[in-house]
Amino acid sequence: MMFMIVKSVLLLIGFTWVASAGNFYQDFDITWGDGRAKILNNGQLLTLSLDKSSGSGFKSKNQYLFGKIDMQLKLVPGNSAGTVTAYYLSSVGSNHDEIDFEFLGNLSGDPYILHTNVFTQGKGNREQQFYLWFDPTKDFHTYSILWNPRNIIFSVDGTPIREFKNLESNGIPFPKSQPMSIYSSLWNADDWATRGGLVKTDWSQAPFTASYRNFKAEACIWASGTSSCSSKNNSSWFTQSLDAAGQQRLKWAQKNYMIYNYCKDTKRFPQGLPPECSLA
């Protein structure tokens, strides 16, 4: 099994990547919302809107198999309780892989919760949650996913907040064979999103709006069963992992801003924590 993993990684290291930057008309399709999602400013800005009738969402035109994905978001301001802004990578099918950012709204003056998760072969339950060190509704901030054969790194404005390593050699699945699309949506989840569903959406504040700009992808595009990558790749992102300075920034973010870690939740996992928790 280890030979197969190493072989697949070595084959992929030879690939080149395709860079995409910045025009929502070219890079995304609006998938639902009946006019509530809008592409503006000649493709440089996208907004999602939620009212009592419906939310809205969009999806990338391309699928990716490994990449570094950046997006700037400005979240729903004011009383956003009950709303969820989701921004994630996902494949399709019951055994799908998925890499999640979800922003859980809150009452005015209370902080957003940044919810992260990693699904492998249809299995998630790997939640880590954070407060942010700024108000994400006042300005745009960059939320990044680095996904390569070594690891998945979640970053906010260049600061890593979470790392999910490839531990396949220990029998732990890692997303490496299913191409994923980028999705985003703004929707009502007041049955669970804010204080476990105790605080409901205040529809008198609708419409709720989240904004997106400066999408950037350095990635291998998957189409018709093949990758866009070739044998000339020397892209740093493909083999990137956290160096010593990155590990220090990760520790700072987790020490000061992490509010939930599934790897510490012994009540949830009375038979023992997931194996990656002791290995990572």
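Caption draft 1: Structural context of the overall build of the protein. Check the secondary structure of the protein and you find 5 helices and 16 strands. Taking 280 residues into account, the globule formula puts the C-alpha radius of gyration at 19 Å, and the protein, at 19 Å, falls close to it. For the protein, restricting intrachain contacts to residue pairs at least 6 apart in sequence, the fraction spanning at least 24 positions comes to 68%. Entry remark: accessible area of the protein is about 13000 Å², with carbon and sulfur atoms responsible for 51%. Mean positive and mean negative side-chain charge positions of the protein (26 and 23 charges, respectively) differ by 5 Å.

Caption draft 2: Structural view of the confidence of the model for the protein. Here the protein averages 91 in pLDDT, and 91% of its residues register 70 or above. A low-confidence stretch, residues 1–16 stays under pLDDT 50, and its non-local contacts, those more than four residues away or across chains, total 26 contacts.

Caption draft 3: Quick look at the layout of surface pockets. Computed from the structure, the largest pocket encloses a volume of approximately 470 Å³. For the lining of the largest pocket, the per-class residue count stands at 8 nonpolar, 4 polar and 6 charged.

Caption draft 4: Focus on helix α4 (residues 244–257). For α4, which comprises 14 residues, the first-to-last C-alpha distance of 20 Å matches the rise-based estimate of 20 Å (1.5 Å per residue) to within 8%. Among all positions of α4, only G246, L250 and A253 are buried. For α4, the angular spread of buried residues about the axis comes to 65°, placing them on one side. In α4, the exposed residues that point more than 90 degrees away from the buried face are A244, Q248, K251 and K255. At its buried positions, α4 is contacted by β12 (159–165) and β16 (258–261). The residue sitting at the N-terminus of α4 and contributing the capping side-chain oxygen is D243; that oxygen lies 3.3 Å from the backbone nitrogen of A245.

Caption draft 5: Representation of the side chain of D100. In this structure, D100 sits in strand β7 (residues 98–104). For the buried residue D100, which engages in no salt bridge, the nearest side chain bearing the opposite charge is R162, 8.3 Å off. For D100, the contacting residues outside a window of four places in its chain are Y87, Y88, H115, T116, N117, F119 and F154.

Caption draft 6: Here's a closer look at the packing of aromatic side chains. Here the structure, examined in full by the defined rule, presents 21 aromatic pairs. Pairing F101 with Y143 gives two aromatic rings, centres 6.0 Å apart and planes at 70°, and the pair type is edge-to-face. Placement of the pair is F101 in strand β7 and Y143 in strand β10 (residues 141–147), with a sequence separation of 42 residues. Just as F101 is buried, Y143 falls in that class too. Ring plane angle 5° and centroid distance 6.2 Å describe the contact between F164 and F174, whose orientation is recorded as stacked. Taken together, the residues span a long stretch of sequence, with F164 in strand β12 and F174 in the loop between β12 and β13 (180–188) at a distance of 10 residues.

Caption draft 7: Summary view of the pattern of salt bridges. Per the counting criterion, the structure on display carries 8 salt bridges. Salt-bridge contacts for R36 lead to D51; the nearest nitrogen and oxygen are separated by 2.9 Å. Here R36 is found in the loop between β2 (28–32) and β3 (38–40), whereas its partner D51 is found in the loop between β4 (45–50) and β5 (56–74), with 15 residues between them in sequence. For D51, a relative accessible area of 23% puts it in the partly exposed group. Where R268 meets E127, a salt bridge forms, and the shortest distance between an N and an O atom there is 2.7 Å. Here E127 lies in the loop between β8 (113–119) and β9 (128–130) and R268 lies in the loop between β16 and α5 (276–279), a separation of 141 residues in the sequence.

Reading the values: the criteria
- Residues numbered from 1 in each chain as written.
- Predicted model: local features only at pLDDT ≥ 70, side-chain atom pairs only at ≥ 80, totals over all residues.
- Heavy atoms only, no water.
- Helix = DSSP H or I, 4+ residues; strand = E, 2+ residues; numbered from the N terminus.
- Rg over C-alpha atoms; globule rule 2.2 N^0.38 Å.
- Contact = heavy atoms within 4.5 Å.
- Areas by Shrake-Rupley, 256 points an atom, 1.4 Å probe, with all protein chains shown as cover.
- Lys, Arg positive; Asp, Glu negative; His and termini not counted.
- Charge placed at Lys NZ, Arg CZ, Asp CG, Glu CD.
- pLDDT = per-residue confidence, 0-100.
- 1 Å grid on protein atoms, 1.4 Å probe; cavity = no way out; pocket = protein on both sides within 12 Å on 5 of 7 lines; lining within 4 Å.
- Points joined across faces, edges and corners; volume = space filled by probe spheres on them.
- Nonpolar A, V, L, I, M, F, W, Y, C, P; charged D, E, K, R; others polar.
- Expected span 1.5 Å × (residues − 1).
- Buried < 20%, exposed > 50% of the residue type's maximum accessible area, 1.4 Å probe, protein only.
- Arc of directions from axis to C-beta.
- Polar contact = N/O pair within 3.5 Å; in protein donor to acceptor, adjacent residues only side chain to side chain.
- Salt bridge = Lys/Arg side-chain N within 4 Å of Asp/Glu carboxyl O.
- Phe/Tyr/Trp six-rings, centres within 6.5 Å; stacked < 30°, edge-to-face > 60°.

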